Amino acid sequence: MTFRQTHLLGIEHLDPQDITAILDLADHYVDLNRSPLKRSDVLAGLTQINMFFENSTRTQASFEIAGKRLGADVMNMAMQTSSVKKGETLIDTALTLNAMHPDLLVVRHPMSGAVNLLAEKVNCAVLNAGDGRHEHPTQALLDALTIRRAKGRLHRLNIAICGDIAHSRVARSNILLLGKMESRIRLIGPPTLMPAGAADWGVEVFDDMKAGLRDVDVVMMLRLQKERMDGGFIPSEREYFHRFGLDAEKLGHARPDAIVMHPGPMNRGVEIDGTIADDINRSVIQEQVEMGVAVRMAAMDLLARNLRRTPEPVHA
Ligand code: NCD
């Protein structure tokens with residue numbers, strides 16, 4: 001198993017072997033999580049701190065469960081009540097926590113690049129749980145695991161990523177990962193929500209769901225990320241659903257065995273019809289959540305192994 005990373009900051013830094021190592025180990029943790037005693041001690045004695053400067057349900061809960069199932073001491077910093085509210089900077093907060101000798105620091109931050117910056121200042125493994133519109137590596141890994149288990153492979157699949165691509169770190173990390181694993185990616189969305197230069201990323205770009213979804217194996221829907229929008233990107237939610245919302249008619253253009261994915265949180269009736277999201281024959285949205293715990297266990301396990309191999313700095 002080859003995994004030489006000391007942090008998990010983005011898919012950008014991983015090669016296909018790293019990705020496969022995480023997914024293979026995650027498969028093993030799926031089995032553990034389905035057994036009655038969901039316990040291992042690979043992180044016993046290690047301290048994991050979760051710092052979420054942005055709202056989260058799935059990511060924070062699954063990082064916490066993942067750490068606990070592996071025996072780590074897990075602490076969730078309540079950022080709303082921390083000294084960040086008194087004006088302390090991200091770096092000062094991180095240095096303060098670093099002085100308490102954590103081994104794993106899980107960080108979500110609204111600014112792109114903030115987690116990479118923080119990783120330079122601390123001497124523990126840092127996992128990016130989403131930074132601005134930049135990267136969300138564990139989301140792309142859990143999506144990849146879900147796809148691999150449903151389709152049996154990651155290469156030569158046609159995968160459509162639909163909706164608000166411009167503001168989405170999930171889209172960015174998925175484009176990087178699926179490209180590295182040799183899938184064919186189509187981006188579908190209104191031109192106002194398509195990042196400038198998307199056509200140069202080795203993907204196909206569509207502004208029409210019917211054409212873009214034709215014969216795809218995977219349909220990945222994205223939320224309209226209004227918190228990152230500073231103007232009118234769509235005429236109305238009703239109009240958006242009509243043109244880009246996934247319903248039975250639009251899904252009919254994909255392959256009959258195409259799976260439907262969504263990272264959550266979902267806005268039913270905006271980017272996806274509730275009946276599609278709940279259709280257990282097509283939607284793998286709950287599987288994605290299940291895979292999220294396993295992937296985070298695998299990522300922390302692999303990083304912890306490298307942590308122990310790093311020699312202590314020698315002080316003169
Ligand atoms: C995503 C995120 O936070 O980037 N959610 C998640 O982690 N499951 C997507 C989103 O917020 O729309």
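Our structure is the block above this text.
1. Focus: unusual backbone geometry
Next, step 1: Cis geometry marks the peptide bond from Gly 264 to Pro 265; its omega dihedral reads -5 degrees.
Next, step 2: Relative to the helices and strands, Pro 265 is located in the loop between β9 (259-261) and α10 (274-277).
Next, step 3: At Arg 156, a position not held by glycine, the phi torsion is positive, near 50 degrees.

2. Some details on the sheet that holds strand β2 (residues 73-77)
Next, step 1: On the basis of which strands lie adjacent, the open sheet formed by 4 strands has the order β2-β1-β3-β4 and parallel pairing. Taken across any chain shown, the strands that pair with only one partner, and hence form the sheet edges, are β2 and β4 (125-131). On average, each strand axis in the sheet is inclined to that of its neighbour by 15 degrees, with strand direction left out of account.
Next, step 2: As judged from the 5 bridges shared by strand β1 (residues 47-52) and strand β3 (residues 104-109), these two strands associate in the parallel manner. Bridging across to β3, Met 51 finds its partner in Val 107.

3. A short note on the sheet that holds strand β8 (residues 218-221)
Next, step 1: Strand order in the open sheet formed by 5 strands is β7-β6-β5-β8-β9, with parallel pairing between adjacent strands. Single-partner strands in this sheet number two, and they are β7 (204-206) and β9. Pairwise comparison of adjacent strand axes, ignoring direction, gives a mean angle of 20 degrees for this sheet.
Next, step 2: Two strands pair when backbone bridges link them, and strand β5 (residues 158-162) and β8 are joined in this way by 4 bridges, in the parallel orientation. The residue of β8 that forms the bridge with Ala 160 is Val 219.
Next, step 3: Strands β5, β8 and β9 of the sheet are contacted by helix α5 (residues 137-151), whose axis makes an angle of about 170 degrees with β9.

4. Structural notes on the environment of Arg 305
Next, step 1: Take Arg 305: it is sitting in helix α11 (residues 285-309).
Next, step 2: Linking Arg 305 and Phe 3, residues 302 residues apart in sequence, is a C-alpha distance of 9.4 Å.
Next, step 3: Apart from the residues within four sequence positions on either side, Arg 305 is in contact with Met 1 and Leu 25.
Next, step 4: Of note is the side chain of Arg 305, whose polar atom sits 2.9 Å from the side chain of Asp 301.

5. Comments concerning the site of the ligand
Next, step 1: Near the ligand the following residues occur: Thr 59, Arg 108, His 136, Gln 139, Arg 169, Val 170, Arg 223, Pro 263, Gly 264 and Pro 265.
Next, step 2: Within the side chain of Arg 108, one N or O atom sits 3.0 Å away from an oxygen atom of the ligand.
Next, step 3: At 3.3 Å, a side-chain N or O of Gln 139 approaches a nitrogen atom of the ligand.
Next, step 4: Surface burial for the ligand is 94%, taken as the share of its 320 Å² of free accessible area covered by protein chains.
Next, step 5: Of the residues assigned to the shell around the ligand, the class counts are 3 nonpolar, 4 polar and 3 charged.

6. Considerations on the packing of α5 against helix α6 (residues 169-180)
For any two helices packed against each other, the geometry is given by the interaxial angle and the distance between the axes.
Next, step 1: At their nearest, the axes of α5 and α6 sit 8 Å apart, and the two run at 55 degrees to each other. Of the possible angle classes, the one that applies to α5 and α6 is oblique. Here α5 runs over α6; the crossing is right-handed. Judged by residue contacts, Pro 137, Gln 139, Ala 140, Leu 141, Asp 143, Ala 144 and Ile 147 of α5 engage Val 170, Ser 173, Asn 174, Leu 177 and Leu 178 from α6.
Next, step 2: For the contact of α5 with α6, the class distribution of residues is 8 nonpolar, 3 polar and 1 charged.

7. A closer look at the packing of aromatic side chains
Remark: the centre distance and the inter-plane angle together describe each pair of aromatic rings, the angle taken between the planes.
Next, step 1: If you walk through the whole model with that rule in mind, you get 1 aromatic pair.
Next, step 2: The ring of Phe 241 has Lys 250 sitting right over it, with the charged end atom 5.7 Å from the ring centre.

8. Examining the side chain of Asn 50
Next, step 1: For Asn 50, the position within the fold is in strand β1.
Next, step 2: By relative accessible area, which is 0% here, Asn 50 ends up buried.
Next, step 3: Reaching out from Asn 50, the side chain makes a polar contact with the side chain of Asn 76 at a distance of 2.8 Å.
Next, step 4: Discounting chain neighbours no more than four positions away, the residues touching Asn 50 are Gln 60, Phe 63, Glu 64, Val 74, Met 75, Asn 76, Met 77 and Val 106.

What counts and how
- Residues numbered from 1 in each chain as written.
- Predicted model: local features only at pLDDT ≥ 70, side-chain atom pairs only at ≥ 80, totals over all residues.
- Heavy atoms only, no water.
- Helix = DSSP H or I, 4+ residues; strand = E, 2+ residues; numbered from the N terminus.
- Pairing = 2+ DSSP bridges.
- Axes fitted to C-alpha atoms, helices over the stretch in contact; angles between N-to-C directions.
- Contact = heavy atoms within 4.5 Å.
- Polar contact = N/O pair within 3.5 Å; in protein donor to acceptor, adjacent residues only side chain to side chain.
- Near = heavy atom within 4 Å.
- Areas by Shrake-Rupley, 256 points an atom, 1.4 Å probe, with all protein chains shown as cover.
- Nonpolar A, V, L, I, M, F, W, Y, C, P; charged D, E, K, R; others polar.
- Parallel < 35°, antiparallel > 145°, perpendicular 65-115°, else oblique.
- Left-handed = near helix turned anticlockwise from the far one by under 90°.
- Phe/Tyr/Trp six-rings, centres within 6.5 Å; stacked < 30°, edge-to-face > 60°.
- Lys NZ or Arg CZ within 6 Å of the ring centre and 35° of its normal.
- Buried < 20%, exposed > 50% of the residue type's maximum accessible area, 1.4 Å probe, protein only.

Everything listed here is a matter of coordinates, which is why it stays silent on function.
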